[in-house]
Amino acid sequence: MSIVLIILGLIQELKINNMTHKEIAIETLESIAHWMKTSSFDYDLKDLNKEFALVLQDYKMYLDDKKNKRYDKRNDK
């Protein structure tokens, strides 16, 4: 199973659990690091680039929400 499919499944689960875009970005990065540490094989750079693009997209959405006052700072962890 590719890292892309694993991480996409994780992202869907996080969104269902009402996590903020910032939390999703952080969890995705932590998941990538976990799978890179524990896997017995190397990942294709194209797959990693896709995952990092998703992290950047979620973090940008967090920053946009914060800029547009749609972000509750009390939820910032």
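Treat the numbers as computed from the prediction; the structure is a model and nothing was measured.

Topic: the packing of aromatic side chains
Phase 1: Applying the stated criterion across every chain, the model contains 2 aromatic pairs.
Phase 2: Seen in terms of ring centroids, F41 and Y43 are 5.0 Å apart; in terms of plane orientation they differ by 65 degrees. Their pairing is edge-to-face.
Phase 3: With relative accessibility at 13%, the residue Y43 sits in the buried group.
Phase 4: For the pair Y59 and Y62, a centre-to-centre distance of 5.2 Å together with 45 degrees between the ring planes defines the contact as tilted. With Y59 and Y62 both in helix α3 (residues 45–67) and 3 residues apart, this pair spans about one turn of that helix.
Phase 5: A residue is classified by how much of its surface remains accessible, and Y59, at 36% relative accessible area, is partly exposed.
Phase 6: For Y62, a relative accessible area of 3% puts it in the buried group.

Brief notes about α3
Phase 1: Taking 1.5 Å per residue, 23 residues should reach 33 Å; α3 reaches 32 Å between its end C-alpha atoms and fits that length.
Phase 2: Within α3 the residues assigned to the buried category are D47, L48, E51, V55, D58, Y62 and D65.
Phase 3: One side-chain oxygen of the residue at the start of α3 lies 2.9 Å from the amide nitrogen of K46, identifying that residue as D44.
Phase 4: One or two positions beyond α3, positive phi appears at K69, with a value near 60 degrees.

Some points on the confidence of the model for the chain
Phase 1: Residues of the chain with pLDDT of at least 70 account for 75%, and the chain-wide mean is 82.
Phase 2: The weakest mean pLDDT in the chain belongs to helix α1 (residues 3–16) at 69; the strongest belongs to α3 at 92.

Considering the environment of S31
Phase 1: Within the element layout of this structure, S31 appears in helix α2 (residues 21–38).
Phase 2: Classification of S31 by relative accessible area gives buried; the value is 12%.
Phase 3: Taking C-alpha positions, S31 is 9.0 Å from I6, a pair spaced 25 residues apart along the chain.
Phase 4: Beyond its immediate chain neighbours, meaning those up to four positions away, S31 contacts I7 and L10.

About the criteria used
- Residues numbered from 1 in each chain as written.
- Predicted model: local features only at pLDDT ≥ 70, side-chain atom pairs only at ≥ 80, totals over all residues.
- Heavy atoms only, no water.
- Phe/Tyr/Trp six-rings, centres within 6.5 Å; stacked < 30°, edge-to-face > 60°.
- Buried < 20%, exposed > 50% of the residue type's maximum accessible area, 1.4 Å probe, protein only.
- Helix = DSSP H or I, 4+ residues; strand = E, 2+ residues; numbered from the N terminus.
- Expected span 1.5 Å × (residues − 1).
- Polar contact = N/O pair within 3.5 Å; in protein donor to acceptor, adjacent residues only side chain to side chain.
- pLDDT = per-residue confidence, 0-100.
- Contact = heavy atoms within 4.5 Å.

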